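# Architecture at a glance
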Amino acid sequence: NAGVTQTPKFRILKIGQSMTLQCTQDMNHNYMYWYRQDPGMGLKLIYYSVGAGITDKGEVPNGYNVSRSTTEDFPLRLELAAPSQTSVYFCASSYTRTATNEKLFFGSGTQLSVL
Amino acid sequence: QQQVKQSPQSLIVQKGGISIINCAYENTAFDYFPWYQQFPGKGPALLIAIRPDVSEKKEGRFTISFNKSAKQFSLHIMDSQPGDSATYFCAARNNNNAGNMLTFGGGTRLMVKP
């Protein structure tokens, strides 16, 4: 299994441009998440999904959109990039919320700079 | 508003020493407390986790101590090694969540000197 795969690894955007960060997992996980990581701030949840066709906002959703048309894929869309969106983005997935399967599996991240 | 506060932000320890990272939380609805380890250029990976019904959990050189009344928990790394140099995140899960998402602390960058 490849686990959680994110593309691209690096990207530079100009202010106002749009892009999609891709995320796919091959573990048949129902739950998927997008986090952003800023220095000293930990990871902040942007959006999450508990299954195909179901998405919900996290702590910092403004400026982002997501979709979940399949179990495997959970792309994150930035419509009008702003410098405040310069960050490292992590996609993660997990099994359903049970007592024994609580581990989040993270991708290797996308480093995004908006200039 | 940071619901999980982590300290210190950075830590330097000599090889063989004990590394201690502390976290505090406010929300009594948190029911699961994992620690994640992140190496440069990689995503975080689960290191060890604890539930609030136990006060300590040990896995090899890594131990979580949990104080429910004080709403604090800490990670102890015994016999710290240069290979332990990484960023460590504490986290907590709200048992009222529909999903399995975590609230993370701000992270601690650990450097173990040879």
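Check the entry above for the structure.
On a predicted model such as this, the values are computed, not experimentally measured, just so you know.

What follows concerns the state of the cysteines. All names here are of chain B. Tallied over the entire structure, the rule returns two disulfides over all chains. Linked covalently through their sulfurs, C23 and C90 form a disulfide whose S-S length is 1.9 Å. Looking down the S-S bond of the C23 and C90 bridge, the torsion is -95 degrees, so its handedness is left-handed. Within this pair, whereas C23 is found in strand 3 (residues 19-25), its partner C90 is found in strand 9 (residues 86-94), the two being separated by 67 residues in sequence. Look at C23 and you get buried, because its relative accessible area is 3%.

All names here are of chain A. You can see Q6 is positioned in strand 1 (residues 4-7). Looking at Q6, the relative accessible area reads 4%, which means it is buried. At a separation of 2.9 Å, a polar atom in the side chain of Q6 contacts the main-chain amide nitrogen of C91. Discounting chain neighbours no more than four positions away, the residues touching Q6 are Q22, W34, Y89, F90, C91, G107, S108, G109 and T110.

Our next topic: the sheet that holds strand 8 (residues 72-77) of chain B. Strands belonging to one sheet form pairs held by backbone hydrogen bonds; the direction of such a pair is parallel or antiparallel. All names here are of chain B. One open sheet holds the five strands; their spatial order is 1-3-8-7-6, and the pairing between them is antiparallel. Whereas interior strands pair on both sides, the edge strands pair on one side only; in this sheet they are strand 1 (4-7) and strand 6 (56-59). When the angles between neighbouring strand axes are averaged without regard to direction, this sheet yields 15 degrees. Bridging between strand 7 (residues 62-67) and strand 8 involves six bridges; their strand directions are antiparallel. By the bridge assignment, N67 is partnered in strand 8 with Q72.

Residues and elements named next belong to chain A. Read across the open sheet, the four strands follow the order 1-3-8-7; overall the sheet is antiparallel. Edge strands, defined here as strands with exactly one partner in the open sheet, are strand 1 and strand 7 (64-66). Within the sheet, the average angular offset between the axes of one strand and its neighbour, ignoring direction, is 20 degrees. Relative to strand 8 (residues 76-78), strand 3 (residues 19-25) runs antiparallel, the two being bridged by three bridges.

Definitions and limits used
Residues numbered from 1 in each chain as written. Chains lettered and ligands numbered in written order. Predicted model: local features only at pLDDT ≥ 70, side-chain atom pairs only at ≥ 80, totals over all residues. Heavy atoms only, no water. Disulfide = S-S within 2.5 Å. Helix = DSSP H or I, 4+ residues; strand = E, 2+ residues; numbered from the N terminus. Buried < 20%, exposed > 50% of the residue type's maximum accessible area, 1.4 Å probe, protein only. Polar contact = N/O pair within 3.5 Å; in protein donor to acceptor, adjacent residues only side chain to side chain. Contact = heavy atoms within 4.5 Å. Pairing = 2+ DSSP bridges. Axes fitted to C-alpha atoms, helices over the stretch in contact; angles between N-to-C directions.

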